[in-house]
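# Descriptive structure summary
What follows is each chain in one-letter form.
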Amino acid sequence: MNKRTLLALGALLAATLTVNAGAAPTAVTKGVATYMSGGIGVDESTLIQQEAKNYPLELEFVIKATPKDEYAADIHVKISDASNNVVLDTVSNGPFFLAKLPAGSYHLAVAKKDQVKERKIAITPGSHQHIMFEWLE
């Protein structure tokens, strides 16, 4: 290989690494809630799973399908406190959603298109809970 080809390959590799690094899920804070979502692809999934232990709430979204289940993305996530005040209203960018919330009782509603699933949850200091939501294909 000549120098020009090596330089071009190096530039291409650097550009690819930069794009992939920018695509990694990052924590977002809105009001009292901090969240992270993603998990599309092995790199994102690995990062989310490593971060999960730092978040008291971990949500996973799955579509029950044949011949095997599939992960779901673009899930609307709405969390309200015990007084019915919305503390978080966003869309998950992937099949995993992590959230840090103050200790307390919450109402969780997740929606894939028009199919809404609801759950009451309690966040306590030092706890971690993993909740899986499934939709039919």
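Let us look at the structure shown here.

So, about the sheet that holds strand 9 (residues 115-123). Strand order in this open sheet of 4 strands is 6-5-8-9, and the pairing throughout is antiparallel. In this open sheet, the two strands that pair with only one neighbour each are strand 6 (86-92) and strand 9. The mean inter-strand angle of the sheet, taken between neighbouring strand axes irrespective of direction, is 15°. Note: strand 5 (residues 75-81) against strand 8 (residues 104-112), 6 bridges, orientation antiparallel. When the bridges of strand 8 are listed, Asp 81 appears paired with Tyr 106.

This next bit is on helix 2 (residues 42-51). Inspection of helix 2 places Glu 44, Ser 45 and Ile 48 among the buried residues, and these make up the whole buried set. Each buried residue of helix 2 sits inside an arc of 100° when the element is viewed along its axis, so together they form one side. The exposed residues of helix 2 that point more than 90 degrees off its buried face are Val 42 and Asp 43.

The subject of this paragraph is the nonpolar core. Counting residues in each nonpolar core, the largest one holds 23 residues, and the members touching the most others are Leu 57, Leu 59, Phe 61, Ile 79, Leu 108 and Val 110. Broken down by secondary-structure element, the contributors of at least two residues to this core are strand 2 (33-38), strand 3 (57-64), strand 5, strand 6, strand 7 (96-100), strand 8, strand 9 and strand 10 (129-136). By residue number, the principal contributor to this core is strand 3, which donates 4 residues. Beyond its immediate chain neighbours, meaning those up to four positions away, Phe 61 contacts Glu 70, Tyr 71, Ala 72, Ile 75, Val 77, Ser 92, Gly 94, Pro 95, Phe 97, Val 110, Phe 133 and Trp 135. Counting residues in each nonpolar core, the second largest holds 6 residues, with Met 36, Ile 48, Ala 52 and Tyr 55 among its members.

We now examine the pairing of strand 6. Two elements, strand 5 and strand 6, share 6 bridges in a ladder whose sense is antiparallel. Bridging from a neighbouring strand, Val 77 pairs with Thr 90 of strand 6. Here strand 5 folds back onto strand 6, and the loop between the two strands holds 4 residues, one of which, Asn 84, carries a positive phi near 70°.

Once that is clear, we can look at unusual backbone geometry. Residue Pro 67 follows Thr 66 across a cis peptide bond; omega there is 15°. Assignment of secondary structure puts Pro 67 in the loop between strand 3 and strand 4 (70-71). Unlike most non-glycine residues, Asp 74 shows phi in positive territory, near 55°. Locating Asp 74 in the fold gives a position in the loop between strand 4 and strand 5.

Thresholds, definitions, all that
Residues numbered from 1 in each chain as written. Predicted model: local features only at pLDDT ≥ 70, side-chain atom pairs only at ≥ 80, totals over all residues. Heavy atoms only, no water. Pairing = 2+ DSSP bridges. Helix = DSSP H or I, 4+ residues; strand = E, 2+ residues; numbered from the N terminus. Axes fitted to C-alpha atoms, helices over the stretch in contact; angles between N-to-C directions. Buried < 20%, exposed > 50% of the residue type's maximum accessible area, 1.4 Å probe, protein only. Arc of directions from axis to C-beta. Core = buried A, V, L, I, M, F, W, Y, C linked by side-chain atoms within 4.5 Å. Contact = heavy atoms within 4.5 Å.

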